Amino acid sequence: MNRGLNRFAIFVACATFFLIIAGALVTSNAAGLATPDWPLSNGQFFPKMVGNLFWEHGHRMVATTVGMLTIVLMIYILRKEKRQWVRRLGIFALLAVIAQGLLGGLTVKLMLPLAVSSAHATLAQLFFCTTVSLAVFTSRSWIEARPLPQEKGTLPLRYLCTAALITIFLQLIIGATLRHSATWDEHLPTELVLTHIGGALAVTITLGSTAFAVLRRHPNEQFLTRPATLAVLLLVVQLALGIAAYMTRLKSPKDPQPLNPMISITVAHVACGALVFVSTIVLTLRTYRVLPAPGKVLRRSTMFIAPQP
Amino acid sequence: MNKQTKVWLVLSIALSLLALGSACGGGTSTNNGGPANNSNAGPSLLYSGPTGSISGVVSYNGTPPAPKKIDTTADPVCGQKNPNLMTEDTVVKDGKLANTFIYIKEGTTADGKKFADYTWATPTDEVQLDQNGCHYVPHVLGVQVNQKLKITNSDATQHNIHPTPKLNQEWNQTQANGAPPIEKAFTRAEILIPVKCNQHPWMKSYIGVLKHPFFKVSGADGAYTITGVPAGTYTVVAWREGGATGEEKTMQVTVPANGSAKADFSFGGAATSSTTPSLKMMPAIEFPMLGKH
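Along every chain, residues carry numbers that run from 1 in the direction the sequence is written. Written order decides the labels, with chains lettered from A and ligands numbered from 1. Thresholds applied to this predicted model are a pLDDT of at least 70 for local features of residues and 80 or more for the giving and counting of side-chain atom pairs; totals over whole chains, interfaces and linings are not thresholded and use all residues. Only hydrogens and water are removed before side-chain values are computed, so all heavy atoms of the structure are retained for them.

**Some thoughts on helix H1 (residues 3-28) of chain A**
All names here are of chain A.
- For the purposes of this entry, the term helix denotes a DSSP run of H or I that reaches at least four residues, the term strand denotes a run of E that reaches at least two, and both are numbered from the N terminus. For a helix, the expected span equals 1.5 Å multiplied by the number of residues minus one. In this model H1 runs 38 Å from its N-terminal to its C-terminal C-alpha over 26 residues, within 8% of the 38 Å that 1.5 Å per residue would give.
- Residues adjacent in sequence count toward polar contacts only when both atoms are side-chain atoms; beyond that, a polar contact is any pair of N or O atoms within 3.5 Å, and within protein one must be able to donate a hydrogen and the other to accept it. The backbone nitrogen of Gly4 has a side-chain oxygen 3.0 Å away, supplied by the residue at the start of H1, namely Asn2.
- Immediately beyond the C-terminal end of H1, within one or two residues, lies Ala30, with a positive phi of roughly 55°.

Dropping the structure here:
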């Protein structure tokens, strides 16, 4: 295990989280088209950042920084990491951030078509998931994790976690589509709002039952209980933020411009949604790490063994 | 390099080429009246008979919503030039409503021909839309199809003009302070095209594009007069900004030769002289809205 690599991976993951917040601020301020060109802003590298250009160009600057950090992270991984699949994930992270940048450019050049904007927002979450995963895979707790006995007579945690993860990801896609389907001065489409509410219910059920199963079956395994507890706590906050975001968003079409608290609450909702997603990813990865595949004899899979020098 | 890495590289390159192709294509393409979409094209039937006028006053019944103060702190230039910038969606003075777009929608001329069968020459003079004090002046305006729209920036800050039409081509262009005017035209009739400034999200304007010249915007006193109207019977529409789709009233009027027809409209809570509000004005934002449920 390389402590420096793990710390840097955590730093990149934190920077990615900040980037998601910066992107959410662009959407909530209706600043996505503050400049019609890309990659330059009004033909300049550093335009005067007034009005909505502050949010749009600021987002681009943060994104560029994260892109650079991802390049460094990939090089760091290729130099220090021996596990082939982690090396591949490092390369994938770089490709994902490049694709994300290009999608950002596309959505500006095509004037924010719903499909491209939603894809941009969704890929942001997947990239965040990738950087967090790299931080998990390079951590000491991952390397030193001990296998647990096989679960018997119950629905395997692997399945529960995977179901929760897929449900959250679908919910993120619906949320991204909802956010980009109407600007602050338009009402949100009813169908999408209802779908998002239904998604929230599905996430509550799947994630809640998953966390409950973890706490009940492995109460002393902090490796699993910590992310499970964190995910549930974040989910509670997220549900409250979702209700608050809807209430403020309901009134925003009467406002002359995007205003607080609508901006801050909707951005917090996006950010918290990302945290729910990654905490569930951590839980899922760790479940796969320490619990054997259902029906198989427990053994330390070579995939998860860290042949570190 | 293994197979999976190669696949990702190919996908990445393909996406890059797509983005670059889009960038080179130019998202801010101009729309200066290409003949292909000129609605005046084809056999023309020019009107040469007697004309009259339509005049009236647009009223607002009840208490209008109070204008809201706009927060300009995001751009200090706006606050310095226009410290008391207010919303302009409902401008009422002494019960009279400004910024209402009144136009002939359809009808029959006195000689029995359909109004829509006639064609009208495109004016050579241009219509100006100025950005002054971080708001659009005028707030509502009308142009004919292919008539030049001259957009100017009188502010010491940059603006971003972004019409969002449904029938015409959308464009989005930055205009720096001191930059020369931007000239555009719309090739299809469209009621009404919202115009935004993506740098200053409170800035809004509406442009009505018609094939004919028979439209007006009510002044501060709510009054309007449309002159040179062929004698005949018409459906006259008054549109005002409000809600997600705008609000319209219609009225049938008969314009006598060398005479004047009166068409007063009223909006607001206690309006009685109007017909059914239209939801067809801006079809692209006809989402089922939560506010309507």
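**Observations concerning the environment of Thr90(B)**
All names here are of chain B.
- In this fold, Thr90 is placed in the loop between helix H2 (76-81) and strand S2 (92-93).
- Owing to a relative accessible area of 7%, Thr90 belongs among the buried residues under this scheme.
- Placed 121 residues apart in sequence, Thr90 and Lys211 show a C-alpha to C-alpha distance of 27 Å.
- Note on contacts: a residue pair is in contact if any heavy atoms of the two residues lie within 4.5 Å. Filtering out sequence-adjacent residues up to four positions away, Thr90 remains in contact with Tyr60, Pro64, Pro65, Leu97 and Arg240.
- A polar atom in the side chain of Thr90 sits 2.5 Å from the side chain of Arg240. Three exposure classes are used, based on accessible area relative to the maximum for each residue type with a 1.4 Å probe and protein chains only: buried under 20%, partly exposed in between, and exposed over 50%.

**Some points on helix H9 (residues 262-290) of chain A**
- Here H9(A) is 29 residues long and its end C-alpha atoms lie 42 Å apart, about the 42 Å a rise of 1.5 Å per residue gives.
- Judged by how many residues are buried, H9(A) sits mostly within the fold: 25 of 29 residues are covered.

**Quick notes on the environment of Thr131(A)**
All names here are of chain A.
- Mapped onto the elements of the fold, Thr131 is located in helix H4 (residues 114-137).
- Remark: the alpha-carbon pair of Thr131 and Ala93, spanning 38 residues in sequence, is separated by 6.9 Å.
- Look past the residues within four positions of Thr131 in its chain and what remains in contact with it is Ala9, Val12, Ala13 and Thr16.

**Considering the pairing of strand S1 (residues 51-61) of chain B**
Residues and elements named next belong to chain B.
- Buried residues dominate S1, accounting for eight of its 11 residues.
- The pairing criterion is simple: DSSP has to find at least two bridges between the two strands. Examined bridge by bridge, S1 and strand S15 (residues 223-230) share six bridges and lie antiparallel to one another. Its bridge partner being in S15, Ser55 is matched across the sheet by Thr225.
- Note that S1 and strand S18 (residues 260-262) share three bridges and pair parallel.

**Overview of the state of the cysteines**
All names here are of chain A.
- Two cysteine sulfur atoms make up a disulfide if the distance between them is within 2.5 Å. Within this structure, the stated rule accounts for one disulfide over all chains.
- Cysteine Cys14 remains unbridged, with the sulfur of Cys129 as its closest cysteine sulfur at 15 Å.
- Looking at the unpaired Cys272, the closest cysteine sulfur is the one in Cys14, lying at 16 Å.

**A short note on the confidence of the model for chain B**
Residues and elements named next belong to chain B.
- By definition, pLDDT measures how confident the predictor is in each residue, and it falls between 0 and 100. With 76% of its residues at a pLDDT of at least 70, chain B reaches an overall mean of 81.
- In the model, residues 19-41 has pLDDT below 50 throughout and makes 44 contacts with residues more than four positions away in sequence or in other chains.
- Note on the complex model: pTM 0.82, ipTM 0.81.

**A closer look at the nonpolar core**
- Judged by nonpolar contacts, the single largest core of 72 residues is most densely connected at Leu73(A) and Leu207(A).
- Tallying contributions element by element places H9(A) first for this core, with 14 residues.
- Beyond its immediate chain neighbours, meaning those up to four positions away, Leu207(A) contacts Ala164(A), Ile168(A), Ala231(A), Val232(A), Leu235(A), Val276(A) and Thr280(A).
- Side-chain atoms within 4.5 Å link the members of a nonpolar core, which is a set of buried Ala, Val, Leu, Ile, Met, Phe, Trp, Tyr and Cys residues. Core analysis: the second largest hydrophobic core is formed by 25 residues, Tyr47(B), Phe115(B), Ala263(B) and Phe267(B) among them.

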